[in-house]
Amino acid sequence: MAAVGEKIDYVFKVVLIGDSAVGKSQILARFARDEFSLDSKATIGVEFQTRTLVIQHKSVKAQIWDTAGQERYRAVTSAYYRGAVGALLVYDITKRQSFDHIPRWLEELRSHADKNIVIMLVGNKSDLEDQRAVSTEDASEFAQKENLFFLETSALEARNVETAFQTVLTEIF
Ligand code: GTP
Ligand code: MG
């Protein structure tokens, strides 16, 4: 957190997208407040949270937007993507379908967002290794082909969440 009156050098908007229940809201809770909840409710509409961090000696306010993966709860798409300079494209490593839908999310992102947007493919729930349904190799190959950054995270265990945001924010710089 920046202290009251502290100068902010940059405000960067980053959006979270992906199927319902992949863990977008918990990734955000982990990053913004270092919290996690197992009985997280589906997001309705749009929410955002901010966290100020220092990157290359500049104070950067990350404004992270989170929306519903469920179509019926989603807000107006163009407004969600407007001004976004980074995106986390999230699937659940235990749900093959959530990975199979990634090309669709990518298409929506590329048709609505700025063409220079920095995109990180995120395979969440890496703590559930015994239920894995998407191999790291498959995802990594897809990311390479599409020119995306790629990481597997666990919001539950706080694994790679910080790195995912740090990488995107540093790359935006
Ligand atoms: P929508 O808002 O409907 O789009 O879903 P969401 O992507 O925001 O999912 P949410 O963050 O609400 O998480 C869905 C469920 O997955 C909740 O029960 C979370 O506790 C759980 N979950 C999220 N991240 C992890 C994780 O890293 N590991 C495990 N084991 N469970 C997780
Ligand atoms: Mg949510």
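All of the points below concern the structure found in this document. Worth saying up front: this structure is predicted, and the values here are computed from it rather than measured. The residue numbering used here restarts from 1 in each chain and proceeds along that chain's sequence as written. Both sets of labels track the order of writing: A upward for chains, 1 upward for ligands. Local features in this predicted model are restricted to residues of pLDDT 70 or higher, and side-chain atom pairs are both shown and tallied only at a pLDDT of 80 or more, whereas totals for entire chains, interfaces and linings draw on every residue. In computing side-chain properties, one takes all heavy atoms of the structure into account and sets aside hydrogens as well as water.

1. Quick look at the packing of aromatic side chains
Each pair of aromatic rings taken from Phe, Tyr and Trp, with Trp reduced to its six-membered ring, is defined by centres within 6.5 Å and is described as stacked if the planes are under 30 degrees apart, edge-to-face if over 60, and tilted in the remaining cases. For the structure shown, the criterion picks out nine aromatic pairs. Centre to centre, the rings of phenylalanine 31 and phenylalanine 165 are 4.0 Å apart; their planes meet at 20°, and the pair counts as stacked. With phenylalanine 31 in helix α1 (residues 24–33) and phenylalanine 165 in helix α6 (residues 161–172), the pair connects residues that are 134 residues apart, well separated along the chain. Here the two residues phenylalanine 31 and phenylalanine 165 agree in accessibility, since each one is buried. An angle of 75° between the planes, with centres 6.0 Å apart, marks the rings of phenylalanine 99 and phenylalanine 142 as edge-to-face. With a gap of 43 residues between them, phenylalanine 99 in helix α3 (residues 96–100) and phenylalanine 142 in helix α5 (residues 136–146) connect regions that are remote in the sequence. You can call phenylalanine 142 buried: its relative accessible area is 13%. Helix and strand definitions here come from DSSP, where helices need a minimum of 4 consecutive H or I residues and strands a minimum of 2 consecutive E residues; each element is numbered from the N-terminal end. Each residue gets one of three labels from its accessible area relative to the maximum for its type: buried under 20%, exposed over 50%, partly exposed in between, using a 1.4 Å probe on protein chains only.

2. Overview of unusual backbone geometry
Most peptide bonds take the trans configuration, and most residues that are not glycine carry a negative phi. The phi angle at alanine 21 is positive, at roughly 75°, despite the residue not being glycine. Structurally, alanine 21 is set in the loop between β1 (10–17) and α1. The phi dihedral of asparagine 160 falls on the positive side, at around 70°, and the residue is not glycine. In this fold, asparagine 160 is placed in the loop between β6 (149–152) and α6.

3. Let's talk about helix α4 (residues 102–112)
Restricting attention to buried positions, one finds in α4 the residues Ile102, Trp105, Leu106, Glu108 and Leu109. For α4, the angular spread of buried residues about the axis comes to 160°, placing them on one side. Structural note: α4 exposes Arg104, Glu107 and Ser111 on the side pointing more than 90 degrees away from its buried face. Among the structural elements, β1, α2 (77–81), β4 (84–92), α3, β5 (118–124) and α5 are those in contact with the buried residues of α4. For this quantity, the arc is that covered by the directions from the helix axis to the C-beta atoms. Throughout, a residue-residue contact means that at least one pair of heavy atoms, one from each residue, lies within 4.5 Å.

4. A closer look at the coordination of the magnesium ion (ligand 2)
Any two of four tetrahedral donors ideally make an angle of 109.5 degrees at the metal, while pairs among six octahedral donors ideally make 90 or 180 degrees. Each metal's donors are the N, O and S atoms found within 2.8 Å of it, except that Na, K and Ca use a 3.2 Å limit; water is left out, so coordination can look incomplete. Distances from the magnesium ion (ligand 2) to its protein donors, namely Ser25 (OG) and Thr43 (OG1), fall within the range 2.0 to 2.1 Å. With serine 25 in helix α1 and threonine 43 in the loop between α1 and β2 (46–55), the pair connects residues that are 18 residues apart, well separated along the chain.

5. Describing the site of ligand 1
Taken together, 25 residues lie around ligand 1, and Ser20, Lys24, Leu38, Ser40 and Gly69 are the ones closest in. At 3.3 Å from an oxygen atom of ligand 1 is found a main-chain nitrogen or oxygen belonging to valine 22. All accessible areas in this document rest on Shrake-Rupley with a 1.4 Å probe, and a residue is counted as covered only by the protein chains that are shown. When the free accessible area of ligand 1 is taken as 660 Å², the share hidden by the protein chains comes to 92%. Method remark: on a 1 Å grid restricted to protein atoms, a set of points is classed as a cavity if a 1.4 Å probe fits but cannot get out and as a pocket if it is open with protein on both sides within 12 Å along at least five of seven lines; lining residues have an atom within 4 Å of a point. Whether a molecule sits in a cavity or pocket is decided by its atoms, more than half of which must lie within 2 Å of the grid points. Most atoms of ligand 1, that is more than half of them, are within 2 Å of grid points of the largest pocket. Examining the composition of the shell around ligand 1, we find that three residues originate from one element, α1, more than from any other. Residue polarity is assigned by list, with Asp, Glu, Lys and Arg as charged and Ala, Val, Leu, Ile, Met, Phe, Trp, Tyr, Cys and Pro as nonpolar; anything else, Gly included, falls into the polar class. Taken together, the residues that form the shell around ligand 1 break down as nine nonpolar, eleven polar and five charged. We call a residue near a molecule or strand whenever a single non-hydrogen atom of that residue lies within 4 Å of it. In protein, a polar contact means a hydrogen-donor-capable atom and an acceptor-capable atom, both N or O and within 3.5 Å, with residues adjacent in sequence counting only if both atoms are side-chain atoms; elsewhere, any N or O pair within 3.5 Å suffices.

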